[in-house]
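Each chain is listed here by its residues.
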Number of protein chains: 2
Amino acid sequence: MPSAIDFYFDFSSPYGYFGSLEINQLAARHGRTVNWHPILLGPIFKAVGTNPLVSTPLKGDYSRHDIERTARFHNIFFQMPSRFPMGTQVAARATLWVQAQHPGQAVPFAQAIYSAFFTEDIDIGDAPTVVRIAGDLGIDHAALSAALGEQAIKDQLKAATEAAMQRGVFGSPFVIADGESFWGFDRFAQLDAFLKNGTI
Amino acid sequence: MPSAIDFYFDFSSPYGYFGSLEINQLAARHGRTVNWHPILLGPIFKAVGTNPLVSTPLKGDYSRHDIERTARFHNIFFQMPSRFPMGTQVAARATLWVQAQHPGQAVPFAQAIYSAFFTEDIDIGDAPTVVRIAGDLGIDHAALSAALGEQAIKDQLKAATEAAMQRGVFGSPFVIADGESFWGFDRFAQLDAFLKNGTI
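Residues numbered from 1 in each chain as written. Chains lettered and ligands numbered in written order. Predicted model: local features only at pLDDT ≥ 70, side-chain atom pairs only at ≥ 80, totals over all residues. Heavy atoms only, no water.

Asker: Quick one: what's the story with the interface of chain A and chain B, residue by residue and with numbers?
Answerer: Contact residues are listed per partner, giving 29 residues for chain A and 29 residues for chain B. Here chain A packs against chain B, burying approximately 2700 Å² in sum over the two surfaces, 61% of which is carbon and sulfur. Summed over the three residues of chain A that lose the most area to chain B, namely Leu58, Tyr62 and Arg69 of chain A, the buried surface amounts to 22% of that side. Connecting chain A to chain B are 6 salt bridges. Counting every contact that joins chain A to chain B gives 18 residue pairs in polar contact (both at pLDDT 80 or more). Mapped onto the side of chain A that touches chain B, the elements with two or more residues apiece are helix 3 (59–73), strand 4 (180–183) and helix 9 (188–197) of chain A. A total of 8 residues in the side of chain A that touches chain B trace back to one element, the largest contributor, which is helix 3 of chain A. (Contact = heavy atoms within 4.5 Å. Buried area = accessible area lost by both parts, 1.4 Å probe. Salt bridge = Lys/Arg side-chain N within 4 Å of Asp/Glu carboxyl O. Polar contact = N/O pair within 3.5 Å; in protein donor to acceptor, adjacent residues only side chain to side chain. Helix = DSSP H or I, 4+ residues; strand = E, 2+ residues; numbered from the N terminus.)

Structure follows, in structure tokens:
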């Protein structure tokens, strides 16, 4: 049984969103499953000394344009959120909780959060909104709401982000397959070739 | 007559090298010619507040690996130079001079410089080496050698780099076609679609 591949993403990352739409089908073509890892890029950028793409001079303006163009190029429905970048702690913590409590719903939940943010301009930084999205999927929203207030889930996301950084993750999307790292939606073609051929 | 496209590159940029191998054919498929613009990323990174890819923690290690993998993926012969990053002022100034004095030789000269650096590990920061490469192409090497010592060519490269930054150039390769900007070798597919369809 070939091992699962690891898909790291921040809910505020447009390229992470693009990746989230393709990663499961890409992996499935090669008989692989995907472990979804919500992380926070903020602490990683701070540790590494980089800035969010959109806040860098020149690069920022370019990247906003590139994001929309890349969506069109890949026929992805996309609408740049009015609040951007977005604090995604709540969404990431909620995903970790859903993964533990309702594992079968975890990917649809993460996809629903991403879609709410990048196609409907919904404020996914807002805890009641995140809880409502969970409820729409039949997830126990009262239990989720209670869990989001506890220290345990905050510590879990912090540890998950640290663990990702320990594995060399510094951006979103970031995929690790059989020890090989791929940063960016624009490396999915290389990931695909690697999974097909076992080498690249 | 459709206008030429602008190809900006730094001789120390591996992705710029990959781009240099394809840009002319890509443009020619759409009836376009290419203006080659050697620039220095150093002053641009300083102005923008970014760092060279390979000196950023995590990203640096990843990018060295990604460069070699990308070369393999595209069947590009490539050998990571032992001296990297490389000071490319001399090579860039020499290219500007060849463009002015021997325009028909300018692209082959730039390609020879890139190839010397990224396939033969030749020190293209060394002026006599750059002059020798020019001489091998039948370019007046004595005149080039003299020109490289003058202030005029230094000012010209400085102005060219400033002008690039004014147009929003912040990396290598960077292509501008009909006002549309494309950063990175990994955007050549989008550039190709844009030149084909006139929109993207």
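Okay, back to it.
Asker: Lay out the sheet that holds strand 1 (residues 5–9) of chain B in plain terms, naming residues and giving numbers.
Answerer: Sheet strands line up and pair through hydrogen bonds in the backbone, either parallel or antiparallel. Residues and elements named next belong to chain B. The strand order 2-1-3-4 describes an open sheet built from 4 strands, whose pairing is mixed. Each of the sheet's edge strands pairs with one partner strand only, and the pair in question is strand 2 (34–38) and strand 4 (180–183). Here the average twist between neighbouring strands, direction ignored, is 20°. Pairing of strand 1 with strand 2 involves 5 bridges; the strand directions are parallel. Within the sheet, the bridge partner assigned to isoleucine 5 lies in strand 2 and is valine 34. (Pairing = 2+ DSSP bridges. Axes fitted to C-alpha atoms, helices over the stretch in contact; angles between N-to-C directions.)

Asker: Pulling in residues and values, what's your account of the pairing of strand 4 of chain A?
Answerer: If a strand is regular, its side chains alternate between the two faces of the sheet. Residues and elements named next belong to chain A. Relative to strand 4, strand 3 (residues 174–177) is paired through 4 bridges, and the arrangement is antiparallel. Paired with phenylalanine 174 across the two strands is tryptophan 183, which belongs to strand 4. Between strand 3 and strand 4, which follow one another and run antiparallel, lie 2 residues, and aspartate 178 among them has a positive phi close to 50°.

Asker: Kindly report on the sheet that holds strand 1 (residues 5–9) of chain A, identifying the contributing residues and their values.
Answerer: Residue and element names in this part refer to chain A. A sheet is described by the order of its strands in space; here 4 strands give the open sequence 2-1-3-4, paired in mixed fashion. Only two strands of the sheet have a single neighbouring strand rather than two, namely strand 2 (34–38) and strand 4. Each adjacent strand pair in this sheet contributes to an overall mean axis angle of 20°, direction not counted.

Asker: Tell me about the packing of helix 3 of chain A against helix 9 (residues 188–197) of chain B, residues and numbers included.
Answerer: Two quantities define a packed helix pair, namely the angle between the helix axes and the distance between the axes. Contact geometry of helix 3 of chain A with helix 9 of chain B gives a least axis separation of 11 Å together with a crossing angle of 70°. By the angle between their axes, helix 3 of chain A is roughly perpendicular relative to helix 9 of chain B. Touching Asp66, Arg69, Thr70 and Phe73 of chain A of helix 3 of chain A are Ala189, Gln190 and Ala193 of chain B, all from helix 9 of chain B. Split by residue class, the contact of helix 3 of chain A with helix 9 of chain B holds 3 nonpolar, 2 polar and 2 charged. (Parallel < 35°, antiparallel > 145°, perpendicular 65-115°, else oblique. Nonpolar A, V, L, I, M, F, W, Y, C, P; charged D, E, K, R; others polar.)

Asker: How would you sum up the environment of glutamine 79 of chain A? Please name residues and give values.
Answerer: Looking at the secondary structure, you find glutamine 79 of chain A in the loop between helix 3 and helix 4 (89–101). Leaving out residues up to four positions away in the same chain, glutamine 79 of chain A has contacts with Phe117, Phe118, Thr119 and Asp121 of chain A.

Asker: Lay out the layout of surface pockets with the relevant residues and their values.
Answerer: Taken as a whole, the second largest pocket holds about 500 Å³ of empty space. Broken down by secondary-structure element, the contributors of at least two residues to the lining of the second largest pocket are helix 1 (14–29), helix 3 and helix 9 of chain A together with helix 1 (14–29), helix 3 (59–73) and helix 9 of chain B. Residues belonging to the lining of the second largest pocket are distributed by class as follows: 11 nonpolar, 6 polar and 8 charged. (1 Å grid on protein atoms, 1.4 Å probe; cavity = no way out; pocket = protein on both sides within 12 Å on 5 of 7 lines; lining within 4 Å. Points joined across faces, edges and corners; volume = space filled by probe spheres on them.)

Asker: Break down the relation of the copies chain A and chain B for me, with residues and values.
Answerer: Rotating chain A by 180° about the axis while translating it 0.0 Å along that axis superimposes it on chain B, leaving an RMSD of 0.0 Å. The transformation relating the two chain copies, once decomposed into turn and shift, fits a two-fold axis. Using C-alpha coordinates, one finds that chain A approaches the rotation axis most closely at aspartate 186 of chain A, a distance of 3.4 Å. When the interface residues of chain A are mapped onto chain B, 100% of them again fall at the interface, so both copies present the same face. (Least-squares fit on C-alpha atoms with pLDDT ≥ 70 in both.)

Asker: Go over the environment of alanine 143 of chain B, please, and point to the residues and values.
Answerer: Counting through the fold element by element, alanine 143 of chain B comes out in helix 7 (residues 141–148). In this structure, the C-alpha to C-alpha distance between alanine 143 of chain B and glycine 60 of chain B, residues 83 residues apart in sequence, is 39 Å.

Asker: Residues and numbers for unusual backbone geometry, please.
Answerer: Note the cis peptide between phenylalanine 84 of chain A and proline 85 of chain A, where omega equals -5°. Mapped onto the elements, proline 85 of chain A comes out in the loop between helix 3 and helix 4. Here serine 172 of chain B and proline 173 of chain B are connected by a cis peptide whose omega angle stands at 0°. As for its placement among the helices and strands, proline 173 of chain B is situated in the loop between helix 8 (151–166) and strand 3 (174–177). Phi at leucine 58 of chain A is positive, roughly 60°, even though this residue is not glycine. Here leucine 58 of chain A is to be found in the loop between helix 2 (41–48) and helix 3. Leucine 58 of chain A sits in the partly exposed class, given a relative accessible area of 26%. Phi at aspartate 121 of chain B takes a positive value of approximately 60°, unusual for a residue other than glycine. In this fold, aspartate 121 of chain B is placed in the loop between helix 5 (106–120) and helix 6 (127–136). (Buried < 20%, exposed > 50% of the residue type's maximum accessible area, 1.4 Å probe, protein only.)

Asker: Which residues make up the environment of phenylalanine 117 of chain A, and what are the values?
Answerer: Along the chain, phenylalanine 117 of chain A turns up in helix 5 (residues 106–120). Setting aside chain neighbours within four positions, we find phenylalanine 117 of chain A in contact with Phe11, Ser12, Gln79, Pro81, Arg83, Phe84, Met86, Ile122 and Ile124 of chain A.

Asker: Can you tell me about the side chain of threonine 88 of chain A, naming the residues and giving the values?
Answerer: Residue and element names in this part refer to chain A. Tracing the sequence through the fold places threonine 88 in the loop between helix 3 and helix 4. The exposure class assigned to threonine 88 is buried, which follows from its relative accessible area of 3%. In this structure threonine 88 touches Asp10, Phe11, Ser12, Leu40 and Ile124, once residues within four positions along its chain are discounted.

Asker: Break down the packing of aromatic side chains for me, citing the residues and quoting the values.
Answerer: Residues and elements named next belong to chain A. One pass over the structure, following the stated rule, counts 48 aromatic pairs over all chains. Taking 5.6 Å as the distance between ring centres and 80° as the angle between the ring planes, the aromatic pair formed by phenylalanine 9 and tryptophan 36 counts as edge-to-face. Of this pair, phenylalanine 9 sits in strand 1 while tryptophan 36 is found in strand 2, placing the two residues 27 residues apart along the sequence. Classification of tryptophan 36 by relative accessible area gives buried; the value is 6%. (Phe/Tyr/Trp six-rings, centres within 6.5 Å; stacked < 30°, edge-to-face > 60°.)

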